[in-house]
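Descriptive structure summary
Listed below, chain by chain, are the residues.
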Amino acid sequence: FMLNKCLFPAAGHGTRFLPATKAVPKEMLPILRKPLLQYGVEEALAANINNISIVTGRGKRAIEDHFDNAFELESQLIGTSKEYLLTEIKEVIEKATFTYVRQPSMLGLGHAILTGESLIGNEPFAVVLADDLCYSPDKGVLAQMLEVYKKYKCSIVAIEEVPEDQVDKYGIITGKLLDESDDTFLVTNMIEKPNIGEANSNLAVIGRYILTPDIFNILKNTKPDKNNEIQITEALNEQAKKGNVIGYKFKGIRFDCGDVDGFVSATNYFAKNNL
Ligand code: UTP
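The notes below deal with the structure included here. Every chain is numbered on its own, with residues counted from 1 as its sequence reads. Given that this is a predicted model, residues contribute local features only at a pLDDT of at least 70 and side-chain atom pairs are listed and counted only at 80 or more, while totals for whole chains, interfaces and linings are drawn from all residues. As a convention, hydrogens and water are excluded, and side-chain values are obtained from all of the structure's heavy atoms.

**Looking at the pairing of strand 12 (residues 245-249)**
Operational definition: For every residue, the accessible area obtained with a 1.4 Å probe (protein chains only) is divided by the maximum for its type, and the residue is called buried under 20%, exposed over 50%, and partly exposed between those limits. Strands here mean DSSP runs of E at least two residues long; helices mean DSSP runs of H or I at least four residues long; both are numbered from the N terminus. Two strands make a pair as long as DSSP finds a minimum of two bridges between them.
Counting buried positions along strand 12 yields 4 of 5 residues, so the element is predominantly enclosed. Across 5 bridges, the pairing between strand 8 (residues 155-161) and strand 12 is parallel. Bridge pairing links A158 to Y248 in strand 12. Bridging between strand 10 (residues 184-192) and strand 12 involves 3 bridges; their strand directions are antiparallel. If you follow L186 over to strand 12, its bridge partner there is I246.

**Some details on the nonpolar core**
Inclusion rule: Only buried residues count toward a nonpolar core, which is a set of Ala, Val, Leu, Ile, Met, Phe, Trp, Tyr and Cys residues joined through side-chain atoms within 4.5 Å. Any pair of residues with heavy atoms lying within 4.5 Å of one another is described as a contacting pair.
By size, the foremost hydrophobic cluster in this structure holds 41 residues, and its most contacted members are C6, F8, I49, I52, I54, F67 and L142. Here the element with the most residues in this core is helix 7 (residues 141-152); it accounts for 7 residues. With residues near it in sequence (within four places) discarded, C6 still touches A44, I49, N51, I52, S53, A126, V127, V128 and L142. Of all hydrophobic cores here, the second largest spans 32 residues; its members include V55, F125, V187 and I230.

**Examining the environment of K241**
Stated precisely, the cut-off is as follows: Polar contact is defined as a pair of N or O atoms within 3.5 Å, subject to the rule that within protein one atom must be able to donate a hydrogen and the other to accept it, and that residues adjacent in sequence are counted only when both atoms are side-chain atoms.
Positionally, K241 belongs in helix 9 (residues 232-241). K241 sits in the exposed class, given a relative accessible area of 58%. A polar atom in the side chain of K241 sits 3.3 Å from the side chain of E238.

**Re the site of the ligand**
To keep things clear, this is the line we draw: Throughout this document, a residue counts as near a molecule or strand when at least one of its heavy atoms sits within 4 Å of that molecule or strand. Only the protein chains shown count as cover for residues, with accessible areas throughout obtained via the Shrake-Rupley method and a probe of 1.4 Å. Here a cavity denotes a set of grid points, spaced 1 Å apart and computed over the protein atoms alone, in which a 1.4 Å probe fits but from which it cannot get out, and a pocket denotes an open set meeting protein on both sides within 12 Å along at least five of seven lines; residues with an atom within 4 Å of a point are reported as lining. Should more than half of a molecule's atoms lie within 2 Å of a pocket's or cavity's grid points, that molecule is taken to sit in it. Residue polarity follows a fixed list, in which Ala, Val, Leu, Ile, Met, Phe, Trp, Tyr, Cys and Pro are nonpolar, Asp, Glu, Lys and Arg are charged, and the others, Gly among them, are polar.
Taken together, 18 residues surround the ligand, and among them G14, T15, R16, Q103 and G108 come closest. Backbone polar atom of G12 to an oxygen atom of the ligand: 2.9 Å apart, as the coordinates give it. Take T15: an N or O atom from its side chain is 2.5 Å from an oxygen atom of the ligand. Surface burial for the ligand is 81%, taken as the share of its 570 Å² of free accessible area covered by protein chains. For the ligand, the cavity whose grid points lie within 2 Å of the majority of its atoms is the largest pocket. The residue makeup of the shell around the ligand, split by class, is 8 nonpolar, 6 polar and 4 charged.

Okay, structure coming up:
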């Protein structure tokens, strides 16, 4: 199939979770027993994407160790009543291939995605921000987005309606509804973190993207913002101006686990529903 790679930007400092994230990557914080990043990788595998590329940084080595065999541990658990506790991660390691690159300085999500170019090459790819944890009972969000990609063959962003007083935390799109039944919008404009009251809509981009590889050249020419970060929203807006971005209102529920409140909600939801 034409889309077989998923990029996970995971180099951020996770300052909102300090001191937990001082030595432990934010993406390794667990909801119940499973680290956020593993949920994301499982979502990619469920969409038949098994080439997993992770953008890491200093202090993130636990990520590589997690997605590798642990010989001592496994030989100790084999044949015991606790062996099942490793079943899921072993399945992930078996199905997926992992490649890594380090982002030397944290210059924003757009820069992290550009750092992934050497792992992705010249083909369309998915992007998952593992701190946005998505759950849908039937089809995972990435699998849903692949259906949309097959139809339109351009960049796809997952969108969600957010309360008016929270638009300043997201990239917000303006779009024309294409098809009410599958909730797709042709994106005409995108703006990063607009002031409350200044946004054209409350349709926010969440941490799931399918990107066409021309995004890399656009990112190379995207200037850093006032915080010296290269924003993916700005690069996507270039594609949107050419009619090449679709917003897709996904089916399911999303938790912003980069934030303590969202993390607690996710934990409660997963515990209550035995997920
Ligand atoms: P966030 O802004 O949510 O992550 O970036 P953060 O910077 O780690 O969190 P806080 O705000 O300090 O608490 C969204 C995603 O983009 C990645 C992060 O790892 C996260 O998954 N990212 C962000 C990078 O990989 N590199 C960057 O330079 C910035």
